Amino acid sequence: MVRLIGRVAVLSIAVSTAAMVLILSVMNGMNRFVAERFWGVDPDLKIEAARGKFFEDEGLLERIRNVAGVQSASAVIEDQALLAYGEQTAMVRLKGVDSAFDQVTDIRDQIYSGQYDLETVGDAALVLMGGGVYNQMQIPPANGNACRLYTVDANRLSGPFAMQQAVASYAVYPSGLFSSIPEYDNQYLFCDLGFARHVFDAESSISAIEVKVDSTFKLARVQACLQQEAGDAYTVKDRIEQQQTMFRSMKAEKLIVVAVFAFVMLIATFTMVANQMLLIYEKRHDIRILSSMGMRTERLRLLFLLHGVLVSLWGTFAGVVVGSLLTFGQQYFGWVKLGGGSGNYITDAYPVNWQMGDVLAVVAIGLCIGFVASALPLKQVSSFAGKIRGGV
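Residues numbered from 1 in each chain as written. Predicted model: local features only at pLDDT ≥ 70, side-chain atom pairs only at ≥ 80, totals over all residues. Heavy atoms only, no water.

Chemist: It is not clear to me how the overall build of the chain should be interpreted in this structure. Could you clarify?
Modeler: The number of helices and strands found in the chain is 15 helices and 13 strands. Since a compact globule built from 392 residues should have a radius of gyration of about 21 Å, the 32 Å found for the chain marks it as more spread out than a globular shape. Across the 392 residues that make up the chain, the buried fraction comes to 45%. Across the chain, contacts joining residues at least 24 apart in sequence account for 78% of those joining residues at least 6 apart. With an accessible surface of roughly 20900 Å², the chain has 58% of that area assigned to carbon and sulfur atoms. Measuring between centres, the 33 positive side-chain charges of the chain sit 21 Å from its 36 negative side-chain charges. (Helix = DSSP H or I, 4+ residues; strand = E, 2+ residues; numbered from the N terminus. Rg over C-alpha atoms; globule rule 2.2 N^0.38 Å. Buried < 20%, exposed > 50% of the residue type's maximum accessible area, 1.4 Å probe, protein only. Contact = heavy atoms within 4.5 Å. Areas by Shrake-Rupley, 256 points an atom, 1.4 Å probe, with all protein chains shown as cover. Lys, Arg positive; Asp, Glu negative; His and termini not counted. Charge placed at Lys NZ, Arg CZ, Asp CG, Glu CD.)

Next comes the structure, spelled out in structure tokens:
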């Protein structure tokens, strides 16, 4: 009976540990997949004004390009605008970029229809449109009709004809469609920097300088150099800082999952507590004999504690091995498909990412819970040893 419960204890710990390793790997894979989709459009580093929406270049772009480790740098300007096509309207983010933008980001790799062409003629321009915006506007493919882009100049909102004077309209034509992540697909239009400046009435202003870092340089070192070059009036953000809210939510979700599965693991160790209690009871005669021979109670308790820790260690080790094998199998063979492998998703199989830090955390949690569960029943050892010492 004791052996059976011991095996059940090892199995329950192994299953909960394997599940924890597997779930954390799936979360890592999904988070990395989402982050990589953002990074297709986000630059390595982004320089923005510490205060205000726009700022004057004043030679900053050239100074940034001359910093060691900077492979390419691009000036951009973005703000909100109203896009209209027929009866459909949508608030969008219009982002004007210069000729170096496609060298700073992987925007060309995100295009699934059309081409990267931002040509401008007067008040009309070609734009790279997010697939979500295109679908929301219900634009028929290759119809040649223009969308209308509307902006409002707050400085002109005075006088009898203020609204007519403040609202400006521009014709834009989608030259291509891109798909990265819903936050970009459903909001963004990319256009030429000069056209965006004309739309926002900002002749020489920009909203950010986006930087591509040479892969042979350390990102943190280049970031520090850029911050020193730009000064306190500007902030230099890496990719994680650019999407700080998203990465914070990912971290919080991961901590919640760890807490939930630690609780599940705690419940699984109840069988180990039962196993310890039965083992101590089964060995009560041996405890009395060893106690009568002079073995101290602390040594007896340590003996049973080590037994419980070994049971926990075996279960945790087996769970880590099984969870890791399942993770690597999913990573290389894609056993579990998204949508049954129909091909309607960006990736066919659930992404996973095995991380040593997670495995070490799982092992630490398993051993800590196992240690506590092993120590709880040890009072029985003292009671059995005490009986023989008391002459019972």
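Chemist: Before we go on, may I ask you to explain the packing of helix H13 (residues 297-333) against helix H14 (residues 356-375) in this structure?
Modeler: Think of two packed helices as two axes; the pair is described by the angle between the axes and how far apart they sit. Where H13 contacts H14, the axes come no closer than 8 Å and their chain directions differ by 150 degrees. Between H13 and H14, the crossing angle belongs to the class labelled roughly antiparallel. For the pair H13 and H14, the crossing hand works out as right-handed. Of the residues in H14, those touching H13 at Leu305, Gly308, Val309, Ser312, Leu313, Thr316 and Val320 are Val359, Val363, Gly366, Leu367, Gly370, Phe371, Ser374 and Ala375. Residue composition of the contact of H13 with H14, by class: nine nonpolar, six polar and no charged. (Axes fitted to C-alpha atoms, helices over the stretch in contact; angles between N-to-C directions. Parallel < 35°, antiparallel > 145°, perpendicular 65-115°, else oblique. Left-handed = near helix turned anticlockwise from the far one by under 90°. Nonpolar A, V, L, I, M, F, W, Y, C, P; charged D, E, K, R; others polar.)

Chemist: In this structure, what is going on with the environment of Pro377? I would like to understand it.
Modeler: Along the chain, the position of Pro377 falls in the loop between H14 and helix H15 (379-389). Given a relative accessible area of 6%, Pro377 falls into the buried group. Taking the C-alpha atoms as reference points, Pro377 and Ile107, separated by 270 residues in sequence, lie 62 Å from one another. Ignoring anything within four residues of it in the chain, the contact list for Pro377 reads Val273, Gln276, Met277 and Ile280.

Chemist: Help me out: how do you make sense of the side chain of Arg197 in this one?
Modeler: Position of Arg197 relative to the elements: it lies in helix H7 (residues 193-199). For the buried Arg197, no salt bridge is present, and the opposite-charge side chain at shortest range is Asp57, 5.7 Å distant. The contact partners of Arg197, leaving out residues within four places of it in the chain, are Ile77, Ala202, Glu203, Ser204, Ser205 and Ile206. (Salt bridge = Lys/Arg side-chain N within 4 Å of Asp/Glu carboxyl O.)

Chemist: Would you mind showing me how to read the pairing of strand S8 (residues 147-152) here?
Modeler: Note on strand geometry: in a regular strand, side chains alternate between the two faces of the sheet. Only one face of S8 is covered, namely the face carrying Cys147, Leu149 and Thr151; the face carrying Arg148, Tyr150 and Val152 is uncovered. Bridging between strand S3 (residues 70-85) and S8 involves three bridges; their strand directions are antiparallel. When the sheet's bridge partners are listed, Ala84 is paired in S8 with Arg148. Pairing of S8 with strand S9 (residues 167-178), which is carried by six bridges, proceeds in the antiparallel orientation. The partner of Arg148 across the bridge, within S9, is Ala171. (Pairing = 2+ DSSP bridges.)

Chemist: Is there a simple way to think about the nonpolar core in this case?
Modeler: One recurring pattern in soluble globular proteins: nonpolar side chains tend to sit buried together. If you look at the biggest cluster of nonpolar residues, it comprises 47 residues, and the most contacted ones within it are Leu83, Met129, Leu149, Ile209, Val211 and Leu226. A total of seven residues in this core trace back to one element, the largest contributor, which is S3. Those residues in contact with Val211 that sit more than four places away from it in its chain are Pro43, Asp44, Leu45, Ile47, Ile64, Val70, Ser72, Ala73, Val104 and Leu226. (Core = buried A, V, L, I, M, F, W, Y, C linked by side-chain atoms within 4.5 Å.)

Chemist: What is the right way to look at the environment of Asp42 in this model?
Modeler: On the secondary structure map, Asp42 appears in the loop between helix H1 (2-39) and strand S1 (45-49). We classify Asp42 as buried; its relative accessible area is 3%. Taking C-alpha positions, Asp42 is 9.2 Å from Asp238, a pair spaced 196 residues apart along the chain. Discounting chain neighbours no more than four positions away, the residues touching Asp42 are Thr105, Tyr184, Arg239, Gln242 and Gln243. There is a polar contact of 2.3 Å between the side chain of Asp42 and the side chain of Tyr184. (Polar contact = N/O pair within 3.5 Å; in protein donor to acceptor, adjacent residues only side chain to side chain.)

Chemist: What is the right way to read the side chain of Asp102 from this model?
Modeler: Take Asp102: it is sitting in helix H3 (residues 101-104). Within the structure, the side chain of Asp102 is placed 2.8 Å from the side chain of Arg108, a separation counted as a polar contact. If near-sequence neighbours (up to four positions away) are discounted, Asp102 is found in contact with Ile107, Arg108 and Tyr116.

Chemist: For this particular structure, what's the right way to read a nonpolar patch on the surface?
Modeler: Taken together, the side chains of Met30, Val322, Leu326, Phe328, Tyr332, Phe333, Trp335, Val336 and Tyr350 define a hydrophobic patch exposed on the protein surface, amounting to about 920 Å² of accessible area. The greatest single-element share of the nonpolar patch, amounting to five residues, is contributed by H13. Note that Tyr332 resides in helix H13. Taking the relative accessible area as the measure of exposure, Tyr332 reaches 60% and is therefore exposed. (Patch = residues over 30% accessible without salt bridge, like charges linked within 9 Å, V, L, I, M, F, W, Y side chains within 5 Å.)

Chemist: Mind showing me how you'd approach the environment of Ile256 here?
Modeler: Considering the arrangement of structural elements, one finds Ile256 in helix H10 (residues 244-268). On a C-alpha basis, the gap between Ile256 and Phe200 in space is 44 Å, while along the polypeptide they are 56 residues apart.

Chemist: Just to check I follow, could you spell out the packing of aromatic side chains for this structure?
Modeler: Working definition: an aromatic ring pair is given by the centre-to-centre distance plus the angle between the planes. All told, the structure shown has 10 aromatic pairs when counted by the stated rule. Taken together, the ring pairs in this structure connect Phe38, Phe101, Phe178, Tyr184, Tyr188 and Phe190 into an aromatic cluster. (Phe/Tyr/Trp six-rings, centres within 6.5 Å; stacked < 30°, edge-to-face > 60°.)

Chemist: Looking at this structure, how should I read the pattern of salt bridges?
Modeler: Any two side chains of opposite charge can pair, so long as their charged atoms come close to each other. All told, the structure shown has 13 salt bridges when counted by the stated rule. In this structure, Glu36 and Arg32 form a salt bridge, with 3.3 Å as the shortest nitrogen-oxygen distance. Placement of the pair is Glu36 and Arg32 together in helix H1, with a separation of four residues, close to one helical turn. Residues Glu78 and Arg93 are paired through a salt bridge, measuring 3.0 Å at the closest nitrogen-oxygen approach. Separated by 15 residues along the polypeptide, Glu78 in strand S3 and Arg93 in strand S4 (residues 88-97) bring together distant segments of the chain. Each of Lys46, Glu48 and Lys237 takes part in salt bridges that share partners, so that together they form one network.

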